[in-house]
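These are the residues of each chain, in order.
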Amino acid sequence: MAPSGSRSIKKGCQRVLYWIPVLFIALIVAWSYYAYVLQLCIESIEDTGEKVIYLLVYHVIFIMFVWAYWQTIFTRPMNPLKEFHLSYSDKELLEREDRGESQQEILRRIAKDLPIYTRTNSGAIRFCDRCQLLKPDRCHHCSVCDKCILKMDHHCPWVNNCVGFSNYKFFMLFLAYSLLYCLFITATDLQYFIKFWTNSLPDTQAKFHILFLFFSASMFSVSLASLFIYHCWLVCKNRSTLEAVRSPVFRHGIDKNGFSLGCSKNFRQVFGDELKYWPIPVFSGLGDGCSFPTCLVNLDPEQPSSPRGSNPASKGAAEGRQFPSKPLRESQSRLLTSTPSWTESDSATDKDRKGASNLGMTIENEA
């Protein structure tokens, strides 16, 4: 084993290297600002009205783009609540057991009080050896961050951060505003790009900035458009990138649409109920990231009927988390605390017919 000093130096070097893609993006954006504002708008555009309009629209898009990018980078990913971590006695009990089945019995006993519905491919409880915790639904361990991340989508090198529950909305807005940024530059730079090839521009250094600005903006537009469309599809299906690659496994088996509640509700899970917050890079999503409503008809009978669980300690811990920064209003949390309205009448009829009570109301899949 390498000395601790060598490991710390290695980790320090890795941290520096991880920032290189972010620095590259920052340099590209800084150059594009110089090329568009100074070389194109101020130096090349002669019409004052056109110049003012271009600069105003450009700076609005630029501010929103940088703001969303900043939020995506510096918003810390959320980790599972302490209720999902093993207690000291449970750790000792788990370490004393050598057989996998005995360990699973211990984990199943602990998981009975937690809102966990997903399993491994073999049907076992999802457990993280590194973090010593039972993984909440949609939670995965990031090998780069060396932490379990709630609703992990992927680790993005271009933001040097895990994209998950706490910053997925910011990541979507970053893609949207960066695409809009590139499309706006491409559209407004096009006529001057044409003038470059017809030798209608003065022979200054601005002509080369205009040329490369058009090429870079148009190429980035293509890649960003494909990525943005893909993530829009994921939001509408209520899937993460990891879930699109490997569908979640429930007690009854694999179900790629297990968390989908329909396009509208899927969208509001990420962006929230209030329209005014949708285009702004502030957290407005629903829930605590540890539990999610499902569209499953046959829920796991061993788990709590409510996705939020009934543990008061868990509820108190969830309310004390940093995200969301303001208390959830009833309209924001209803996807996790109550049954959607479109199944209430059907479920009520079914309860009267079967005479069942407190078994949880099921959600029909709209997707």
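Residues numbered from 1 in each chain as written. Predicted model: local features only at pLDDT ≥ 70, side-chain atom pairs only at ≥ 80, totals over all residues. Heavy atoms only, no water.

**Description of the sheet that holds strand β9 (residues 253-254)**
Then, in step 1: Read across the sheet, three strands follow the order β1-β8-β9 without closing on themselves; strand pairing throughout is antiparallel. Each having just a single partner strand, β1 (118-119) and β9 make up the two edges of the open sheet.
Then, in step 2: As defined by bridge partners, strand β8 (residues 249-250) adjoins β9 across two bridges and the pair is classed as antiparallel. Residue pairing in the sheet places valine 249 in a bridge with isoleucine 254 of β9. (Pairing = 2+ DSSP bridges. Helix = DSSP H or I, 4+ residues; strand = E, 2+ residues; numbered from the N terminus.)

**Side note on the packing of aromatic side chains**
Then, in step 1: As enumerated under the stated definition, the model contains 27 aromatic pairs in all.
Then, in step 2: Judged by centre distance (6.4 Å) and plane angle (45°), the rings of phenylalanine 24 and tryptophan 158 are tilted. Here the residue phenylalanine 24 occupies a position in helix α2 (residues 20-42), and tryptophan 158 occupies one in the loop between β6 (154-156) and β7 (161-163), the gap between them amounting to 134 residues.
Then, in step 3: Residues tyrosine 230 and tryptophan 233 carry aromatic rings whose centres are separated by 6.2 Å and whose planes lie at 25° to one another, so their mutual orientation is stacked. One end of the pair, tyrosine 230, and the other, tryptophan 233, are both in helix α7 (residues 206-237), three residues apart, so they sit about a helical turn from each other.
Then, in step 4: With a relative accessible area of 32%, tyrosine 230 lands in the partly exposed category.
Then, in step 5: The exposure class assigned to tryptophan 233 is partly exposed, which follows from its relative accessible area of 37%.
Then, in step 6: Taken together, the aromatic side chains of Tyr33, Tyr36, Tyr54, Tyr58, Phe62, Phe65, Tyr69, Tyr168, Phe171, Phe174, Tyr181 and Phe184 make up a single cluster linked through ring pairs.
Then, in step 7: For arginine 138, the ring lying beneath its charged end belongs to phenylalanine 259, and the centroid distance is 4.5 Å. (Phe/Tyr/Trp six-rings, centres within 6.5 Å; stacked < 30°, edge-to-face > 60°. Buried < 20%, exposed > 50% of the residue type's maximum accessible area, 1.4 Å probe, protein only. Lys NZ or Arg CZ within 6 Å of the ring centre and 35° of its normal.)

**Considering the state of the cysteines**
Each disulfide consists of one covalent bond between the sulfur atoms belonging to two cysteines.
Then, in step 1: Counted under the stated rule, the structure contains zero disulfides.
Then, in step 2: For cysteine 156, which is in no disulfide, the shortest distance to another cysteine sulfur is to cysteine 162 and amounts to 9.8 Å.
Then, in step 3: Here cysteine 156 falls in the buried class, since its relative accessible area comes to 6%. (Disulfide = S-S within 2.5 Å.)

**Side note on the side chain of asparagine 266**
Then, in step 1: Mapped onto the secondary structure, asparagine 266 falls in helix α9 (residues 263-271).
Then, in step 2: Under the relative-accessibility criterion, asparagine 266 is labelled buried at 0%.
Then, in step 3: When near neighbours in sequence (up to four residues on either side) are disregarded, asparagine 266 contacts Val235, Cys236, Lys237, Asn238, Phe259, Ser260 and Leu261. (Contact = heavy atoms within 4.5 Å.)

**So, the UniProt feature "transmembrane region" (unreviewed entry) in the protein chain**
Then, in step 1: With numbering aligned to this structure, UniProt lists the feature "transmembrane region" (unreviewed entry) at residues 16-36, 52-70, 170-188 and 208-230.
Then, in step 2: Secondary structure over residues 170-188 splits into 100% helix and 0% strand, and the C-alpha atoms at its two ends are 26 Å apart.
Then, in step 3: Its end C-alpha atoms 34 Å apart, residues 208-230 is made of 100% helix and 0% strand. (UniProt positions renumbered as here; feature names shortened; annotations may be inferred.)

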